[in-house]
Amino acid sequence: MAEFAFVMDPLDTLALKKDSTLAMIRAAQVRGHTVQYLTLADMIYAGNRPQAVMRPVRLRDDFAATLDYRSAGDDWYQLGEPRLRDLASVDVVMMRKDPPFDMEYIYATYFLERAAEAGARVVNNPRSLRDCNEKFFATAFPECCPPLIVARSMETLRAFHSEHRDIVLKKLDGMGGMNIFRIREDDPNLGVILETMTRRETELVMAQRYLPEIKNGDKRVLVIDGQPVPYALARIPKSGESRGNLAAGGTGEGRPLTERDREIASIVGPELVKRGLRFVGLDVIGDHLTEVNVTCPTCIRELDTQFGLDIAGTLIDAICANPNG
C-alpha cells in the first residue's frame, strides 16, 4: 500500500457535488492506501528540507462509497492529528490546488520540486506545472489549434480581428470562463475590450478565431499517462452565452470520443508523458484543441456518473503500477 498526500483547497470549501479531488481521495481510500491532507498554508521549508503539516484524512465510509453530496451532512470526513513531516516522506504527492495560478501557486511548485528531488513522486510534475500555461501550451500543437495569436499590441489584435471577423479574446491566466470575450465583426466595444484586456498594451492576451461548434459543447477530454478516457464531457453553453464552462453556467453532457478527439489526444499525449503530466484535461471545440489543463483538471465525477466509470481509480492504479509515469 502507498501513502498519498493531497495538496488542495480547504476541505470545507469544496463543491461536494462535483469535486474531482474527492473522487481521487475516495479511490485511494477504498484501495487501502493512506491519505494525508494539506493546504498551501501548511508548507514549510526548514532544515534544508521541504516540509508540511499533514493530517490523515478519511472520508466517511458511506460518503466514500457513493460521494452522494445530498446525504453528506457536516461530518463527511475525519481528520487526524496534525504532524510536521518531510514532503518526501510520503510515496505520492498529488498537487490538486485549484487556480488561480498566481505567485503563491508558483511558490508551491518550488516546494514540490524540492520534494521530488528528495524522492517523492509528484503528480503533476511541478516544473511542468510552471512551464505549461494552460492556454499558451496548446500552441505546442499547432496542427490541433484554431487560428490564434498571442499579443499585447492593440494594432496587431485589431488586424487579427479584421482577418477573422469573429474572435474570442482571453486572458492567459484566466480560469472557469473568466475574462473571455467574444468579439463579432461589427462590435462597437472592440477598442475598450482590447484596452481593458491588455491593460493598455501592458499584458499579453490570446485571440482565437471563434468556433461556432461551441454550440455543441466545449469538450473536456481527460488524459491519464498519455491515454484518453474514452468519453468526453461536452460543456454546453447556456442560452445567450458563448462560454461552455460549467462555472459559467454550462451543462455537462457526456459523449464518446470522436475520431478527431482521439487524434488530438494521440498528438498531445506523448508530450504530456515526456513532461510528467500524468493527469490532464484537453479542451476541444469541434475539431480544435483550445486549452491544455494541467493544474487541477476536473469533470471526473460527471463522467463517472453518466458512464459508470472510475476515472480516479484508474489514475490511482496507474500511479501505483508505474511509479515514474
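Here we summarise the structure given alongside this text. (Residues numbered from 1 in each chain as written. Predicted model: local features only at pLDDT ≥ 70, side-chain atom pairs only at ≥ 80, totals over all residues. Heavy atoms only, no water.)

1. Digging into the sheet that holds strand β12 (residues 205-209)
At step 1: With antiparallel pairing, four strands are arranged side by side in an open sheet as β9-β12-β10-β11. Of all strands in the sheet, those with a lone pairing partner are β9 (148-151) and β11 (180-183), marking the two edges. Ignoring strand direction, the axes of neighbouring strands in this sheet form an average angle of 20°. (Pairing = 2+ DSSP bridges. Helix = DSSP H or I, 4+ residues; strand = E, 2+ residues; numbered from the N terminus. Axes fitted to C-alpha atoms, helices over the stretch in contact; angles between N-to-C directions.)

2. So, the sheet that holds strand β17 (residues 288-293)
At step 1: Across the sheet, which stays open at both edges, the five strands sit in the order β15-β14-β13-β16-β17 with antiparallel pairing between neighbours. Lying at the two open borders of the sheet, with one neighbouring strand each, are β15 (251-256) and β17. Neighbouring strand axes in the sheet, compared pairwise and without regard to direction, differ in orientation by 30° on average.
At step 2: Summarising the sheet, strand β13 (residues 218-224) and strand β16 (residues 279-285) pair through seven bridges and their orientation is antiparallel. Paired with Arg220 across the two strands is Asp283, which belongs to β16.
At step 3: Its contacts with the sheet place helix α9 (residues 311-321) against β13, β14 (227-236) and β16, and it is angled at close to 30° to β13. (Contact = heavy atoms within 4.5 Å.)

3. Comments concerning helix α8 (residues 300-307)
In an α-helix, one full turn covers 3.6 residues, which means residues spaced three or four apart are oriented alike.
At step 1: Regarding α8, the residues found buried are Ile300, Arg301, Glu302, Leu303 and Asp304.
At step 2: Immediately downstream of α8, the backbone of Gly308 shows phi near 65°, a positive value. (Buried < 20%, exposed > 50% of the residue type's maximum accessible area, 1.4 Å probe, protein only.)

4. Concerning the environment of Leu303
At step 1: Topologically, Leu303 is positioned in helix α8.
At step 2: Through-space distance from the C-alpha of Leu303 to that of Gly252 is 8.9 Å; in sequence the pair is 51 residues apart.
At step 3: Once you skip the residues sitting within four places of it in the chain, Leu303 turns out to touch Leu222, Tyr231, Ala232, Leu233, Gly254, Gly308, Leu309 and Ile311.

5. Quick notes on the environment of Lys135
At step 1: Relative to the helices and strands, Lys135 resides in the loop between α4 (126-131) and β9.
At step 2: Owing to a relative accessible area of 4%, Lys135 belongs among the buried residues under this scheme.
At step 3: Sequence separation of Lys135 and Leu157 is 22 residues, and the distance between their C-alpha atoms is 17 Å.
At step 4: Not counting residues up to four positions away in its chain, the partners in contact with Lys135 are Lys170, Lys171, Leu172, Gly174, Met206 and Glu291.

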